[in-house]
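Spelled out, the chains give:
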Amino acid sequence: MNCVIRKWRLEDKAALSRNLNNTNILDNLRDGLPFPYTEQDAEDYIRAMLSADPDKCFAFAVTLDDEAIGSIGVFRGENIHSRTAELGYYLGEPYWGHGYATSAVKQACEYVFAHSDIMRIYAEPFARNTASCRVLEKAGFRLEGVLRRNAVKNGKTEDMKMYALLKGQE
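Given the structure is predicted, the values throughout are model-derived calculations rather than measurements.

Here is what the cut-offs are and how they apply
Residues numbered from 1 in each chain as written. Predicted model: local features only at pLDDT ≥ 70, side-chain atom pairs only at ≥ 80, totals over all residues. Heavy atoms only, no water. Buried < 20%, exposed > 50% of the residue type's maximum accessible area, 1.4 Å probe, protein only. Helix = DSSP H or I, 4+ residues; strand = E, 2+ residues; numbered from the N terminus. Pairing = 2+ DSSP bridges. Contact = heavy atoms within 4.5 Å. Axes fitted to C-alpha atoms, helices over the stretch in contact; angles between N-to-C directions.

Caption draft 1: Geometry of the pairing of strand S3 (residues 67-76). Of all 10 residues making up S3, 8 are buried, and the element is well covered by its neighbours. The pairing of strand S2 (residues 57-64) with S3 spans 8 bridges and is classified as antiparallel. Looking across to S3, one finds that alanine 59 is bridged to glycine 73. Here S2 folds back onto S3 in antiparallel fashion, the turn holding 2 residues, of which aspartate 65 has a positive phi close to 50°. Summarising the sheet, S3 and strand S4 (residues 84-91) pair through 7 bridges and their orientation is antiparallel. Looking across to S4, one finds that glycine 70 is bridged to leucine 91.

What follows is the structure, given as structure tokens:
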């Protein structure tokens, strides 16, 4: 089985909806995603990613044998942070623990560094999300610090970790 990132397709909406319709995933993402996550929500997201500015938004389906199993995106900052971008990703729960997330993170970062002037990609997982922290470490990201009491998720105050990968470091 081959894990590859690629541009989203509208026909990915059923797989996107199926994989994201899971509180174990949503509990590790930022707020704002609907639950339940419908195929219409998925289609709206895919359309938004396909129409986004390609120099600011690098959004990909994470696929296994061409079926979407997750999502990964790198989003350019603004103003003095215009050459910095934030990384976000998730995989459907059945695909955890197989190295697919690490592969997708490496592929996305390589693509962004090769096709843009972005020089730094960072990610801010919840400190309790040890699996995501490990993915970033295996992909070459360095821990830059802990952001104490940085967020409130599901009514609980959360620490987050700041990881970054610099162009040329990968």
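Caption draft 2: How the structure looks around helix H1 (residues 13-20). The complete set of buried residues in H1 reads Ala15, Leu16, Ser17, Asn19 and Leu20. Looking at the buried side of H1, the elements it contacts are helix H2 (23-26), helix H3 (39-51), S3 and S4.

Caption draft 3: A look at the pairing of strand S7 (residues 156-166). Relative to S7, strand S5 (residues 120-123) runs antiparallel, the two sharing 4 bridges. Note that in S7 the partner of tyrosine 122 across the bridge is alanine 164. Relative to S7, strand S6 (residues 142-153) is paired through 8 bridges, and the arrangement is antiparallel. Looking at S7, one finds that arginine 142 is bridged to alanine 164. Between S6 and S7, which pair antiparallel and follow one another directly, the connecting turn spans 2 residues, one of which, asparagine 154, has a positive phi of 50°.

Caption draft 4: View of the sheet that holds S2. If you trace the 7 strands from one edge of the open sheet to the other, you get S1-S2-S3-S4-S5-S7-S6, paired in mixed fashion. The sheet terminates laterally at strand S1 (3-6) and S6, the two strands that pair on one side only. The average undirected angle you get between the axes of adjacent strands in this sheet is 25°.

Caption draft 5: Region of the structure containing the environment of leucine 50. Within the secondary structure, leucine 50 sits in helix H3. On the accessibility criterion, leucine 50 (45% relative accessible area) is partly exposed. Spatially, the C-alpha atoms of leucine 50 and tryptophan 8 are 7.0 Å apart, while their sequence positions differ by 42 residues.

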